[in-house]
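# Results of the structural survey
Single-letter residue listing:
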Amino acid sequence: MRAPGEMEMVKVLKVIKESSSISTVLFSPVHIGRWSGLVPGQFLMVWIPGTDEVPMSVSFLKREPFRMGMTVQNIGEATQALCSLKQGDWIGIRGPYGYGFNLPSNVDKDLIIGVSGGVGAASTILAMEWARSEDFRTVNLVGARDRSLLVFRDRWRSISDEVRFSTDDGSFGHKGLVGDLLNMELLAMSDHERQRTMVFTCGPEIMMVQVKRLLDQFGVEGQFSLERFMKCGIGLCDSCSASGKRVCMDGPVFSGDAISLLRDFGRSHRDRSGRPLPLKECVR
Amino acid sequence: MRAPGEMEMVKVLKVIKESSSISTVLFSPVHIGRWSGLVPGQFLMVWIPGTDEVPMSVSFLKREPFRMGMTVQNIGEATQALCSLKQGDWIGIRGPYGYGFNLPSNVDKDLIIGVSGGVGAASTILAMEWARSEDFRTVNLVGARDRSLLVFRDRWRSISDEVRFSTDDGSFGHKGLVGDLLNMELLAMSDHERQRTMVFTCGPEIMMVQVKRLLDQFGVEGQFSLERFMKCGIGLCDSCSASGKRVCMDGPVFSGDAISLLRDFGRSHRDRSGRPLPLKECVR
Amino acid sequence: MEGPKLDVEVAGIRFLNPLILASGVADETGASMAEAVRMGAGGVVTKSLSLEPREGHPNPCVVEFPYGILNAMGLPNPGVRGYSDEVEEYLSTTRGSAPIIASVFGSSIEEYAMAAGAVKDLGVHAVEINGSCPNARGLGLQFGQDPLVIEDLVKEVKATVPIPVFFKLTPACSSIVDLAQAAQMGGADGLVAVNTMPAMKIDVRTRMPVLTNVTGGLSGPALRPVGVRCVYQIANSGKVHLPIIGAGGISTWEDALEYIMAGASAVQIGTAVTWGNLDVFSKIKEGMMTYMIEERIGRISDMVGSAKGVRS
Amino acid sequence: MEGPKLDVEVAGIRFLNPLILASGVADETGASMAEAVRMGAGGVVTKSLSLEPREGHPNPCVVEFPYGILNAMGLPNPGVRGYSDEVEEYLSTTRGSAPIIASVFGSSIEEYAMAAGAVKDLGVHAVEINGSCPNARGLGLQFGQDPLVIEDLVKEVKATVPIPVFFKLTPACSSIVDLAQAAQMGGADGLVAVNTMPAMKIDVRTRMPVLTNVTGGLSGPALRPVGVRCVYQIANSGKVHLPIIGAGGISTWEDALEYIMAGASAVQIGTAVTWGNLDVFSKIKEGMMTYMIEERIGRISDMVGSAKGVRS
Ligand SMILES: Cc1cc2nc3c(=O)[nH]c(=O)nc-3n(C[C@H](O)[C@H](O)[C@H](O)COP(=O)(O)OP(=O)(O)OC[C@H]3O[C@@H](n4cnc5c(N)ncnc54)[C@H](O)[C@@H]3O)c2cc1C
Ligand SMILES: Cc1cc2nc3c(=O)[nH]c(=O)nc-3n(C[C@H](O)[C@H](O)[C@H](O)COP(=O)(O)OP(=O)(O)OC[C@H]3O[C@@H](n4cnc5c(N)ncnc54)[C@H](O)[C@@H]3O)c2cc1C
Ligand SMILES: Cc1cc2nc3c(=O)[nH]c(=O)nc-3n(C[C@H](O)[C@H](O)[C@H](O)COP(=O)(O)O)c2cc1C
Ligand SMILES: Cc1cc2nc3c(=O)[nH]c(=O)nc-3n(C[C@H](O)[C@H](O)[C@H](O)COP(=O)(O)O)c2cc1C
Ligand code: FES
Ligand code: FES
């Protein structure tokens with residue numbers, strides 16, 4: 001049984017420009033009890049009055065004073081409106097929804113590798129902060145198309161035992177895919193080390209397909225945060241359907257085993273009417 | 001804000017015959033959390049399927065195994081049905097409703113006198129048990145029309161530092177009114193002792209009128225448990241109205257000060273349609 | 001600086017604040033209604049009165065849900081004559097500070113009109129026609145679901161009393177706007193929306209409907225989204241131009257404002273007094289004041305009907 | 001000793017248990033519906049299908065209350081043709097273990113009939129006419145509130161398909177029995193009661209209706225007492241003799257039995273999957289079994305319509 005996630009109207013405290021197209025929106029909800037139990041990887045449905053309601057990860061969560069934030073890449077009408085918010089504007093948030101990342105026991109694992117692609121970092125960063133605070137060793141591999149989309153650089157450094165960046169165009173860090181970084185990382189590890197490792201990943205699905213392949217190949221466990229078109233966010237409308245699972249309710253974070261059973265993973269999404277679309281048509 | 005008191009169906013565990021016309025009905029609800037917070041003097045609405053729903057005090061409450069009970073005097077259709085219940089029969093209970101007795105602080109008071117008339121004892125006995133368990137000295141004055149209506153005799157003895165009985169016809173204890181016992185008790189006390197005394201009373205209103213007069217006369221504080229016709233039990237229908245207060249919601253237990261403001265006290269009730277009736281027409 | 005103003009005028013009647021005690025709730029006596037005013041209500045509605053006294057239905061007549069109340073009181077009341085002392089006591093206690101509206105019903109249009117005629121002599125400020133109580137056979141609801149009957153009913157009552165007449169609508173209908181329009185055609189001075197929604201509860205152990213009357217009316221939070229929709233539809237129909245008093249599940253200041261923004265000039269509060277007691281009135285007033293200060297809104301009337309959909 | 005039997009037959013269709021996934025909930029794909037069956041559902045209803053694909057309303061299209069859900073999805077669906085793969089996947093995965101009912105709608109009686117005609121070729125076991133969706137203008141609800149239209153609509157659909165036809169009723173009406181009777185006159189093989197109740201939510205900060213569609217339909221616990229009343233009224237009207245599938249706010253075994261005792265032969269479950277996930281099906285089944293053992297009831301059908309009021 002999940003608790004009802006009634007909408008709470010919150011005033012925007014501050015909008016921090018992370019780059020030309022990415023901003024972090026901060027707010028402080030009143031119903032702290034509800035929000036402070038949020039597990040990194042869970043998401044909110046965010047209402048931008050007059051525009052849209054869209055799913056967003058929580059990228060920032062601090063106590064005393066209580067603050068939450070989301071990091072948004074401007075790719076369309078709703079995200080543009082979010083990035084244009086001003087201090088004092090009202091937005092509605094409901095949630096927290098879905099299953100977040102599952103921190104393993106320190107007995108089984110000692111290393112968590114975060115593999116983040118683009119604005120997927122908005123979801124992984126909170127999870128990796130958490131892992132760090134629970135005394136895991138943390139390695140962060142962070143990729144983006146170009147330097148301008150590579151956010152949280154200082155924050156990543158401050159929470160990582162090791163951090164590597166990549167850009168498709170080589171404008172910052174390794175030139176190439178973040179999957180290449182993961183490949184290098186795993187190659188350098190012993191079998192024993194690999195068994196004691198867990199990977200948290202969020203990013204473009206095509207990137208996560210590569211991550212899944214590597215993890216299978218090296219026998220490493222992982223958790224994957226998926227995106228699908230979400231209307232209700234609470235398991236009713238089935239617009240986020242992937243192979244019979246509702247990403248909003250059964251995910252958005254899935255274990256590698258669960259992902260293996262999702263035939264749609266890396267293959268197809270659904271459009272607003274529920275028709276299947278090949279993945280490439282959905283990739284930004 | 002009170003919590004919703006949804007009806008719970010409970011199976012009758014046992015019916016104990018206290019006398020020819022009075023029985024105690026025992027049951028064990030499942031939602032223990034809700035019921036174990038009950039304050040003595042609060043009441044239940046009890047549904048006897050196919051017959052009626054009537055207000056009843058809780059006369060018995062024990063933990064491990066959790067048990068509750070009510071003590072019913074057979075005076076009409078509903079109470080007759082309650083007294084005729086058999087083990088395994090289903091009844092519905094909702095509540096706990098209203099304000100119960102308010103145990104004073106041990107700093108202000110050290111003696112609680114219970115003044116019970118007839119089946120009013122069903123309400124006071126739990127309150128007096130509570131007072132005893134919280135280390136108050138307890139004196140119980142228990143009256144009834146005749147010996148057969150004088151219930152809980154052993155239970156009274158076991159929880160009282162002093163106990164006195166009276167019957168109108170002298171068939172047991174003092175012959176006369178329980179108010180006479182109270183008068184004697186108070187007469188024998190010093191002013192200081194009276195100030196450190198609190199009286200809990202429940203019984204026919206005409207009896208409580210006498211108790212009120214005595215307490216005013218001797219300057220002793222008291223709490224009074226009232227009865228009025230109850231339909232909803234939750235402050236909506238106003239059928240229990242007494243001088244602008246709803247007995248189900250603002251009572252059934254009122255402080256002496258609150259009672260002083262109730263012009264209807266000792267004077268009038270309301271009938272099922274809401275018409276005022278002089279008190280004597282309602283007294284059994 | 002002056003604070004925001006909570007007073008409202010509805011069909012020519014002034015209320016110090018827009019929160020009115022709903023009919024049938026905590027209003028059996030003049031003293032009870034005066035108590036609601038002392039606790040902050042801007043006005044009260046009497047329980048629904050008929051010419052003759054009625055005892056109402058036998059218990060159980062209430063079922064409590066976590067999100068609402070189901071009731072089938074069955075319109076108990078001492079009759080208009082029997083109730084006259086109550087109105088008198090109310091008026092002498094409150095001394096004109098808070099208007100009193102008399103709710104009336106009957107088993108025929110004539111009886112409705114006679115009850116209305118009788119209450120006007122008690123000194124009440126308006127009449128509310130209860131054409132929507134689901135709890136008594138042959139009374140209330142079947143009058144309030146037929147537009148033709150509503151029109152006649154309102155006409156007759158209007159012809160009988162010189163004071164403002166409100167018609168109270170049921171949410172149990174295909175089109176609330178049709179019913180509202182009928183009341184308008186009959187000459188009503190205002191509308192009350194909504195009464196309770198017909199509903200029931202069955203106990204699975206005894207396999208019996210819990211209410212002696214079998215069915216009853218649902219009120220409280222569960223009813224709110226339905227009531228707000230009804231008020232909004234009437235206010236935005238373009239066809240009905242009467243002031244509306246909103247009702248149904250109001251227990252917080254947000255709830256009250258939701259109705260006001262949907263188009264209600266004032267609101268009635270019933271069920272909330274069970275969980276929040278009569279404190280709801282002052283709590284809601286306080287919340288509304290804070291909101292109006294924060295949002296720099298001077299008067300309640302500035303908000304009436306202010307909610308407009310993107311698409312409508 | 002044999003345990004109690006949960007299987008039921010409704011309009012000639014056998015379900016292993018009386019719990020059916022409601023239309024529009026967790027049923028966008030064949031795999032989703034098969035998942036519901038794997039988790040314990042006795043049958044499923046597809047989302048409401050039209051001839052042409054529809055995107056539905058833009059977000060927000062859902063409001064969450066503690067006691068219910070308000071939705072205005074706007075009947076998104078890939079069209080009957082677009083959905084045929086889903087039915088195929090469902091049938092091949094479940095292999096006949098749980099019937100599938102296709103819900104259909106249109107913007108005219110003809111469209112309804114054409115949609116029904118198209119789904120029958122997909123291999124579904126029955127058609128459910130959605131004449132009660134409050135969420136799309138010109139579709140659904142206004143067909144379902146007029147008895148004359150209902151009768152024609154059902155007639156046309158019956159003339160088009162050889163499989164059983166259910167008509168799904170709205171609770172937003174003056175008399176649910178009149179609507180049910182109309183469906184019976186049109187030749188329906190069964191009824192589904194109820195769909196959601198028209199409702200809305202206004203945000204007081206932005207003074208805007210939250211749903212883009214302004215109004216939506218209320219489902220979940222808040223709707224239950226209303227749905228139970230509707231089923232009871234139809235079953236006890238003496239005028240309607242069709243099997244009824246109950247729906248509205250069922251989330252526990254008591255809720256399901258309440259509908260069954262009110263007169264439902266089976267029930268549909270929608271909103272409960274948000275708070276309880278698909279586990280609700282097995283939990284309800286388990287609770288029903290325990291109850292039936294305790295009360296020595298052999299079959300579900302022994303309980304259908306067993307609740308009788310003292311007074312009715
Ligand atoms: C669980 C989850 C967490 C997310 N977290 C973040 C985050 O932290 N930061 C961030 O920038 N983005 C996040 N997204 C993606 C974000 O929801 C979309 O970028 C946003 O909805 C685009 O809306 P738009 O109007 O700006 O774009 P549009 O122009 O409407 O569409 C652009 C793309 O966004 C997708 N999209 C539009 N509406 C939705 C919707 N309701 N649900 C899902 N996808 C939609 C479209 O399918 C399309 O691929 C997340 C998505 C999901 C499912
Ligand atoms: C708060 C409260 C606690 C009570 N606790 C107890 C108790 O512990 N034990 C006990 O034996 N009795 C108790 N009573 C009284 C009990 O409720 C009545 O005796 C019972 O309702 C009588 O019902 P009947 O059908 O047997 O009698 P009837 O023949 O119907 O009536 C006999 C008398 O009981 C009164 N009565 C009937 N129905 C109600 C009702 N719904 N509410 C109030 N009075 C009613 C009538 O006014 C009349 O005076 C309590 C009453 C109240 C208000
Ligand atoms: C116990 C009870 C009794 C009621 N009696 C009446 C009545 O006599 N006349 C009437 O018009 N409405 C009556 N109502 C309906 C209320 O006036 C109100 O319209 C409805 O309950 C919705 O508001 P609420 O949710 O704030 O209670 C009654 C409601 C309740 C709960
Ligand atoms: C998100 C959502 C979408 C729905 N879509 C449809 C639909 O397409 N067709 C339909 O007939 N009913 C639809 N309904 C109504 C349900 O099938 C059901 O009748 C109603 O929700 C009451 O049941 P519940 O309280 O168990 O949800 C929908 C309900 C919800 C909550
Ligand atoms: S978004 Fe509606 S089911 Fe997932
Ligand atoms: S019994 Fe209904 S208000 Fe007290």
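Up top is the structure.
Report follows, based on the coordinates. (Residues numbered from 1 in each chain as written. Chains lettered and ligands numbered in written order. Predicted model: local features only at pLDDT ≥ 70, side-chain atom pairs only at ≥ 80, totals over all residues. Heavy atoms only, no water.)

This brings us to unusual backbone geometry. Most of the time, phi is negative for any residue but glycine, and the peptide bond is trans. Omega for the bond connecting Glu 64 of chain B with Pro 65 of chain B falls within 30 degrees of zero, at -5°, which places this linkage in the cis form. Positionally, Pro 65 of chain B belongs in the loop between strand S5 (60-62) and strand S6 (67-73). A cis amide bond, omega 15°, links Ala 193 of chain D with the succeeding residue Val 194 of chain D. Residue position: Val 194 of chain D is located in the loop between strand S10 (190-193) and strand S11 (197-200). Within the chain, Leu 75 of chain C stands out as a residue other than glycine whose phi angle is a positive 55°. (Helix = DSSP H or I, 4+ residues; strand = E, 2+ residues; numbered from the N terminus.)

Before going further, it helps to spend a moment on the site of ligand 3. In the neighbourhood of ligand 3, 22 residues make up the surrounding shell, with Ser 23, Ser 48, Lys 168, Gly 249 and Thr 271 of chain C lying closest. At the site occupied by ligand 3, nearby residues are drawn from chains B and C. Separating a nitrogen atom of ligand 3 from a side-chain N or O atom of Asn 130 of chain C is a distance of 3.1 Å. At 3.1 Å, a backbone N or O of Val 194 of chain C approaches an oxygen atom of ligand 3. In isolation ligand 3 has 600 Å² of accessible area, and contact with the protein removes 97% of it. Per-class residue counts for the shell around ligand 3 are eight nonpolar, 13 polar and one charged. (Near = heavy atom within 4 Å. Polar contact = N/O pair within 3.5 Å; in protein donor to acceptor, adjacent residues only side chain to side chain. Areas by Shrake-Rupley, 256 points an atom, 1.4 Å probe, with all protein chains shown as cover. Nonpolar A, V, L, I, M, F, W, Y, C, P; charged D, E, K, R; others polar.)

Moving on, we get to the site of ligand 2. Around ligand 2, the surrounding shell holds 23 residues, and the nearest of these are Pro 55, Thr 71, Ala 78, Thr 79 and Met 230 of chain B. More than one chain lines the surroundings of ligand 2; the residues nearby belong to chains B and C. A distance of 3.3 Å separates an oxygen atom of ligand 2 from a polar atom in the backbone of Gly 76 of chain B. Side-chain polar atom of Thr 79 of chain B to an oxygen atom of ligand 2: 2.5 Å apart, as the coordinates give it. When ligand 2 is considered free in solution it has 860 Å² of accessible area, and contact with the protein chains removes 84% of it. Listing elements by their share of the shell around ligand 2, those giving two or more residues are strand S4 (52-57), S6 and helix H2 (77-83) of chain B. Per-element accounting of the shell around ligand 2 gives the leading share, five residues, to S4 of chain B. When grouped by side-chain class, the residues that make up the shell around ligand 2 number twelve nonpolar, six polar and five charged. A domain split of the shell around ligand 2 shows at least three residues from each of domain 1 (8-97) and domain 2 (111-281) of chain B. (Domains from an automatic or database assignment.)

Keep in mind that these numbers describe shape and distance, not what the molecule does.
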